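# Descriptive analysis of the structure
Here's the letter readout for the chains.
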Protein chains: 2
Amino acid sequence: MFEQLGLVGCGLMGGSFALALKRAGLVKKVVGFSPSQATTSRALHMGVIDQVATSASHAASGSDLVLVAVPVSVTQLSFQAIAQELSNNCLVMDVGSTKSDVLLAANAALGDKLAQFVPAHPIAGKEVSGVEHADPDLYTACQVILTPTDRTNATLLKQATAVWQALGCKVRQMTAADHDAAFAAVSHLPHLLAFAFMQSIASQQQSAAFLELAGPGFRDFTRIAAGDPKVWRAIFLANATEVLAQSQNFRSSLEALERAVLEGDSAAIETLVSQANQLRSQWTLNGSSSK
Amino acid sequence: MFEQLGLVGCGLMGGSFALALKRAGLVKKVVGFSPSQATTSRALHMGVIDQVATSASHAASGSDLVLVAVPVSVTQLSFQAIAQELSNNCLVMDVGSTKSDVLLAANAALGDKLAQFVPAHPIAGKEVSGVEHADPDLYTACQVILTPTDRTNATLLKQATAVWQALGCKVRQMTAADHDAAFAAVSHLPHLLAFAFMQSIASQQQSAAFLELAGPGFRDFTRIAAGDPKVWRAIFLANATEVLAQSQNFRSSLEALERAVLEGDSAAIETLVSQANQLRSQWTLNGSSSK
């Protein structure tokens, strides 16, 4: 049970965390900061937070749990703002989709409080943003990846694990580098491709006529292209090396398939498509039966 | 009301059509052919068909409606098989995802019965195949594209339109060439990309570890990669020129995005991603409110 959650950033991710924590009876009070007054007013009105903080450091002050849930681009500034106010036993987490850059920011900004920071990536989200979409069930049954270093406080790491587990999440640990390599492959690249695909439709004169004919396959394939441009710009930049490596690898696969189609090589097409089909058919979300 | 539907091919598409037609009270009897006896036995047992035909021509004989729902690769053979048995007023349709190649096959095989053929593409499907997945609701509320030529019998074209409308479909007409160009963009290319993406994951040593971390975005983006390899091989080959042109166009968009990421060009990334986001956010399936 936490006495006070300091929420730095009251958007979809932070707001959903606060609601889930409250519902689970794990926090007495939530103090929230957002640079937008409209956001904190709404968060207060929705019961996401109990008190509006006037700054990030104000939100951290007196908290025994701080969640930094801000766009990646302002993570370091947020860490700088809270560093002086952190009490010695306060657990600090983030929710970012990239982890190496967050660790760099924490290293640069948190000073002797660095050990209190447990980098976290809950694999959850929606194609909408803002506190108005905050949902206490956003994290239910999702995976959370923690990327501690050898400097991370072991007690706080256990506490971080316990919090997410109490929200119904499956918690895993790995290095930030392994995390970023894996998510470049299974998340960042698919987003890059979905954005590029919609771009390629947009670039064609007949795009409106084409789109009228699009069906359920198109709907599912392009759903992630509705992701927030600022969020995804930040992710692509933060994880550029891994994302570009995955994109290069993808282009090799695409070129092999294109070549087979161009040459009318029926056997090669079927082999390539069958391998893709098999891998996808065997996969399930979190090992569940959901396809 | 039809006296007899001759079903040539008793898979997901054909079986679902028969079930929908029966439920709507639009057919008295369904006679079905499949080269696989297990399939026709199951179709009979499920009530998809009322009588097993021993050949495609047997299924066509005495029918006033024939649906050819076979893999694209055997469409022409199927037309050849039924041509002699078609009565003068019998409406013939297919359900193929490509239309120029089907028209070529019909031209070559149907002879003086060509006018009775109304090429049809219902935009519906599942990532599973086989009569066991036949579903009377598969076509409910979907779009059906008809691609008649100036040789198509006008009365039968009206009848074709009425049948699909009676099943709850929205019917549109366009040329086969326009159809194939549009579907290369909104269906065939997404499948090519989804297959290539899964291939690129499969090609990496850490693929199993990566896949354990994949979330809901990955699930939706790759759902179509579970499509039937034989079906998609046939579609890529049948519509190769348009598919490769779309793929080329896509690669230009991907390269522009990659370049922006490589150069750390934050503004360019945001512009490209925002355009993609906007086009996708405004799109709805069949103009409905479903995203």
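Presented here is a report on the structure given in the accompanying data block.

Cut-offs and rules
- Within every chain, residues take consecutive numbers counted from 1 along the sequence as written.
- Chains carry letters from A onward and ligands carry numbers from 1 onward, assigned in written order.
- For this predicted model, a pLDDT threshold of at least 70 governs which residues receive local features, and a threshold of 80 or more governs which side-chain atom pairs are given and counted, while totals over whole chains, interfaces and linings are taken from all residues.
- As a rule here, side-chain values come from all non-hydrogen atoms in the structure, and water together with hydrogens is ignored.
- Note on contacts: a residue pair qualifies if any of its non-hydrogen atoms lie within 4.5 Å across the two residues.
- Reported buried area values correspond to the accessible surface (1.4 Å probe) lost by two parts on association, with both partners' losses combined.
- A pair is scored as a salt bridge if a Lys or Arg side-chain nitrogen falls within 4 Å of a carboxyl oxygen belonging to Asp or Glu.
- Contacts described as polar in this section are N or O atom pairs within 3.5 Å, which, within protein, must combine one atom able to donate a hydrogen with one able to accept it, while residues neighboring in sequence count only if both atoms come from side chains.
- Labels follow the DSSP assignment, with helices taken as runs of H or I lasting at least four residues and strands as runs of E lasting at least two, numbered in each case from the N terminus.
- In this description, a line fitted to the C-alpha atoms serves as the axis of each element, helices being fitted only across the stretch in contact, and the angle between N-to-C directions of two axes falls anywhere from 0 to 180 degrees.
- In what follows, roughly perpendicular refers to angles from 65 to 115 degrees, roughly parallel to angles under 35, roughly antiparallel to angles over 145, and oblique to any angle outside these ranges.
- Two helices cross in a left-handed way if the nearer one is turned anticlockwise from the farther one by less than a right angle. They cross in a right-handed way if the turn is clockwise.
- Each residue is assigned to one class: nonpolar for Ala, Val, Leu, Ile, Met, Phe, Trp, Tyr, Cys and Pro, charged for Asp, Glu, Lys and Arg, and polar for all the others, Gly among them.
- To sort residues, take the accessible area from a 1.4 Å probe on protein chains only and compare it with the maximum for the residue type: under 20% means buried, over 50% means exposed, and anything in between is partly exposed.
- Here a helix's expected span is defined as the number of its residues, less one, multiplied by 1.5 Å.
- When the copies are overlaid, the least-squares fit takes in C-alpha atoms only where the residue has pLDDT of at least 70 in both copies.
- Pairing between two strands requires that DSSP report at least two bridges joining them.

## Digging into the interface of chain A and chain B
Listed by partner, the interface residues are 81 residues for chain A and 81 residues for chain B. Here chain A packs against chain B, burying approximately 7,900 Å² in sum over the two surfaces, 68% of which is carbon and sulfur. It is A:Leu213, A:Phe221 and A:Arg280 in chain A that bury the most area against chain B; as a group they hold 10% of the surface buried on that side. Connecting chain A to chain B are twelve salt bridges. The salt bridge involving A:Arg233 is made with B:Glu270; its shortest N-O contact spans 2.5 Å. Taken together, the links from chain A to chain B amount to 36 residue pairs in polar contact (both at pLDDT 80 or more). Counting residues per element, the ones that place at least two in the side of chain A that touches chain B are β8 (143–146), α7 (176–202), α8 (207–212), α9 (216–222), α10 (229–238), α11 (240–262) and α12 (266–282) of chain A. Per-element accounting of the side of chain A that touches chain B gives the leading share, 18 residues, to α7(A).

## Brief notes about the environment of B:Ser87
All names here are of chain B. With respect to the helices and strands, serine 87 occurs in the loop between α4 (75–83) and β5 (91–94). Along the sequence, serine 87 and serine 63 sit 24 residues apart, while their C-alpha atoms lie 7.4 Å from each other. In this structure serine 87 touches Ser63 and Gln116, once residues within four positions along its chain are discounted.

## What to know about the packing of helix α11 (residues 240–262) of chain B against helix α12 (residues 266–282) of chain B
Residue and element names in this part refer to chain B. Look at α11 against α12: their axes get within 8 Å of each other, and the N-to-C directions meet at 150°. Judged on the interaxial angle alone, α12 and α11 are roughly antiparallel. When the axes of α11 and α12 are compared, the crossing they make is left-handed. Residues Ala256, Leu257, Ala260 and Val261 of α11 form the contact with α12, whose own contacting residues are Ala268, Ile269, Leu272 and Val273. In the contact of α11 with α12, the residues fall into eight nonpolar, no polar and no charged.

## Some words on the pattern of salt bridges
Evaluated as defined, the whole model comprises 26 salt bridges over all chains. B:Glu255 serves as the salt-bridge partner of A:Arg251, at 3.5 Å between the closest nitrogen and oxygen. Taken as a pair, A:Arg251 in helix α11 and B:Glu255 in helix α11 lie in two separate chains rather than in one. Accessibility expressed as a relative area gives 14% for A:Arg251, which makes it buried. Residues joined in a network through salt bridges with shared partners are A:Arg219, A:Asp220, A:Arg223, B:Arg219, B:Asp220 and B:Arg223.

## Thoughts on α11(B)
Compared with an ideal rise of 1.5 Å per residue, which puts 23 residues at 33 Å, α11(B) spans 32 Å between its outermost C-alpha atoms and is within 8% of the ideal. Immediately downstream of α11(B), the backbone of B:Gly264 shows phi near 65°, a positive value.

## Here's the deal with the relation of the copies chain A and chain B
Between chain A and chain B, which share one sequence, the superposing operator has a rotation angle of 180° and an axial displacement of 0.0 Å; the RMSD is 0.0 Å. In short, the pair behaves as if placed about a two-fold rotation axis. Minimal C-alpha distance to the rotation axis in chain A is attained by A:Phe221, lying at 2.0 Å. When you check the interface residues of chain A against chain B, 100% turn up at the interface there too, and the contact is symmetric in its surfaces.

## Things to note about the sheet that holds strand β9 (residues 170–173) of chain A
Two modes of strand pairing occur in sheets, parallel and antiparallel, and in both the strands are linked by backbone hydrogen bonds. Residue and element names in this part refer to chain A. Spatially, β7-β8-β9 is the arrangement adopted by the three strands of the open sheet, whose pairing is mixed. The open sheet is flanked by β7 (120–122) and β9, the only strands paired with a single partner. When strand polarity is set aside, the average angle formed by the axes of neighbouring strands in this sheet is 20°. The pairing of β8 with β9 spans four bridges and is classified as parallel. Within β9, the position partnered with valine 144 by the bridge is valine 171.

Interpretation in functional terms is not warranted from these geometric data alone.
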